Amino acid sequence: MMSVNFAVIPAAGLGTRFLPATKAMPKEMLTLVDKPLIQYVVEEAYEAGIDTVVLVTHAAKPSLENHFDRQFELETELELKNKLTLLGLARNTLPQGMKLVSVRQGKALGLGHAVACAAPVVQDNSFAVLLPDVICYHRQRNATAQLVADFAHHQVSSIALQAVEPSAVTKYGIAGLNHNSEITQLIEKPNIEQAPSNLAVLGRYLFTPSIFAELAQTQRGVGGEIQLTDAMHALLNKETMRGVVFDGEVHDCGDKLGYLAATLTFAKRHPELGEAFSQLISSMNKY
Ligand code: G1P
């Protein structure tokens, strides 16, 4: 049986939804409490049993690779001062045993194009895709782990979905699903009348390598970009794809309000800061 060892993380985008914060800093380096978004998704992949991350990045974003590299001066300094907890935090940004490969997406030609940039590394393997501006939380099994579990049973591509307000379907890829949890239809950012359901593609995918052949043939779609959803739609004619409805929290951290909501939620849950933060918030509510 095939297992899933690769996770592709598309991180070459310009982050225009979050200006001015993202003018000189990648949006994936925005922090939720004390960790950048990119580290949350790398950890999600690791917890799902994946051992190789393929970061699809851009020349303007070297801090993403640096974050997962060693920082010799900082580590030496912390070691000399015997600050071992801090040393651990600085050193273990990449989980132990995890490998990180980065490839470049020189031109912003869309999410489908970004995933295709990982093909020379992933080759003939099934792989997960995690969009790093979407941060998911589940107490037991994270979204990628749920897709990996579904793949272990069915050996076909699976896509994480979550119901959204009908008025929000225009912001997402929307899927139709039959009673066997097989995807029947996929449309990128449909208008309300076109939408087959209100089940949105939330930004976690697991693909068989056949998606690469479809991506190679995908023409520019919505927004003039090579859309992953269009390649998935084409693959549907050839292979079964399953939808996994995710029952955890989903935060769109590429959006200012979504990011603030995530910050609040993660801060309240933080093992060291949670209690003090909750008190702070309730004291602020008095005014
Ligand atoms: C992308 C995908 C879309 C998906 C969304 C999830 O859109 O194209 O299908 O629903 O991510 O966040 P974007 O948000 O990049 O416009």
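Calculation criteria
- Residues numbered from 1 in each chain as written.
- Predicted model: local features only at pLDDT ≥ 70, side-chain atom pairs only at ≥ 80, totals over all residues.
- Heavy atoms only, no water.
- Axes fitted to C-alpha atoms, helices over the stretch in contact; angles between N-to-C directions.
- Helix = DSSP H or I, 4+ residues; strand = E, 2+ residues; numbered from the N terminus.
- Parallel < 35°, antiparallel > 145°, perpendicular 65-115°, else oblique.
- Contact = heavy atoms within 4.5 Å.
- Nonpolar A, V, L, I, M, F, W, Y, C, P; charged D, E, K, R; others polar.
- Core = buried A, V, L, I, M, F, W, Y, C linked by side-chain atoms within 4.5 Å.
- Buried < 20%, exposed > 50% of the residue type's maximum accessible area, 1.4 Å probe, protein only.
- Disulfide = S-S within 2.5 Å.
- Near = heavy atom within 4 Å.
- Polar contact = N/O pair within 3.5 Å; in protein donor to acceptor, adjacent residues only side chain to side chain.
- Areas by Shrake-Rupley, 256 points an atom, 1.4 Å probe, with all protein chains shown as cover.
- 1 Å grid on protein atoms, 1.4 Å probe; cavity = no way out; pocket = protein on both sides within 12 Å on 5 of 7 lines; lining within 4 Å.
- Sits in = over half its atoms within 2 Å of the grid points.
- Pairing = 2+ DSSP bridges.
- Phe/Tyr/Trp six-rings, centres within 6.5 Å; stacked < 30°, edge-to-face > 60°.
- Salt bridge = Lys/Arg side-chain N within 4 Å of Asp/Glu carboxyl O.

S.K.: It is not clear to me how the packing of helix H10 (residues 256–269) against helix H11 (residues 274–284) should be interpreted in this structure. Could you clarify?
M.R.: When two helices pack together, their arrangement is given by the angle between the helix axes and by the axis-to-axis distance. Packing of H10 against H11 brings their axes to within 6 Å, and their N-to-C directions diverge by 125°. In terms of orientation, H10 lies oblique with respect to H11. Mapping the contact onto sequence places Leu264, Ala267 and Lys268 in H10 and Gly274, Phe277, Ser278 and Ile281 in H11. Grouping the amino acids of the contact of H10 with H11 by side-chain chemistry returns four nonpolar, two polar and one charged.

S.K.: When you look at the nonpolar core in this model, what are you seeing that I'm missing?
M.R.: One broad rule of soluble globular proteins: the nonpolar side chains tend to lie buried together. Residues Leu32, Phe127, Ile159, Tyr205, Phe207, Ile211 and Met232 are the most contacted members of the largest nonpolar core, which totals 72 residues. Of all hydrophobic cores here, the second largest spans six residues; its members include Ala168, Val169, Ala195 and Ala200.

S.K.: How should the state of the cysteines be read in this particular structure?
M.R.: Where two cysteines share a covalent bond between their sulfur atoms, that bond is called a disulfide. Enumeration over the complete set of coordinates arrives at zero disulfides. Not engaged in a disulfide, the cysteine Cys136 finds its nearest cysteine sulfur in Cys253; these two sulfurs lie 9.4 Å apart. A residue is classified by how much of its surface remains accessible, and Cys253, at 1% relative accessible area, is buried.

S.K.: Would you take a moment to explain the site of the ligand for this structure?
M.R.: In the vicinity of the ligand, the contacting residues are Leu111, Leu131, Val134, Tyr172, Gly173, Glu188, Lys189, Val201, Leu202, Tyr205, Gln227 and Thr229. Note that an oxygen atom of the ligand is positioned 2.7 Å from one of the side-chain N or O atoms of Glu188. Interatomic distance of 2.6 Å between a backbone N/O atom of Val201 and an oxygen atom of the ligand. Relative to its free-state accessible area of 380 Å², the ligand is covered by the protein chains to the extent of 76%. A molecule is said to occupy a pocket when more than half its atoms come within 2 Å of that pocket's grid points, and by this definition the ligand occupies the largest pocket. In terms of residue count, the dominant contributor to the shell around the ligand is strand S11 (residues 199–207) (three residues). For the shell around the ligand, the residue count by class is seven nonpolar, three polar and two charged.

S.K.: Mind showing me how you'd approach the pairing of strand S12 (residues 241–245) here?
M.R.: Look at any regular strand and the pattern is simple: side chains alternate between the two faces of the sheet. Counting buried positions over the five residues of S12 gives four, a clear majority of the element. Relative to S12, strand S8 (residues 157–163) is paired through five bridges, and the arrangement is parallel. For Ser158, the partnering residue across the bridge sits in S12 and is Arg242.

S.K.: I'm lost on the packing of aromatic side chains in this one. Help?
M.R.: To describe a pair of aromatic rings, one takes the distance between the centres and the angle between the planes. This model, assessed by the stated rule, comprises six aromatic pairs. Ring plane angle 90° and centroid distance 5.4 Å describe the contact between Tyr40 and Phe266, whose orientation is recorded as edge-to-face. Of this pair, Tyr40 sits in helix H1 (residues 37–47) while Phe266 sits in helix H10, placing them 226 residues apart in sequence. Accessibility classification places Tyr40 together with Phe266 in one group, the buried group. For the pair Phe127 and Phe212, a centre-to-centre distance of 4.9 Å together with 5° between the ring planes defines the contact as stacked. Here Phe127 is found in strand S6 (residues 127–130), whereas its partner Phe212 is found in helix H8 (residues 210–217), with 85 residues between them in sequence. Residue Phe127 is classed as buried on the basis of its relative accessible area of 0%. A residue is classified by how much of its surface remains accessible, and Phe212, at 13% relative accessible area, is buried.

S.K.: What's the story with the pattern of salt bridges in this structure? I'm lost.
M.R.: Pairing is possible between side chains of opposite charge, provided their charged atoms come close. All chains considered together, the criterion is met by 14 salt bridges. The salt bridge involving Arg17 is made with Asp133; its shortest N-O contact spans 3.6 Å. Taken together, the residues span a long stretch of sequence, with Arg17 in the loop between strand S1 (6–10) and strand S2 (31–32) and Asp133 in the loop between S6 and strand S7 (134–137) at a distance of 116 residues. Under the relative-accessibility criterion, Arg17 is labelled partly exposed at 45%. The closest approach of N and O atoms between Glu44 and Arg204, which form a salt bridge, is 2.9 Å. Of this pair, Glu44 sits in helix H1 while Arg204 is found in strand S11, placing the two residues 160 residues apart along the sequence.

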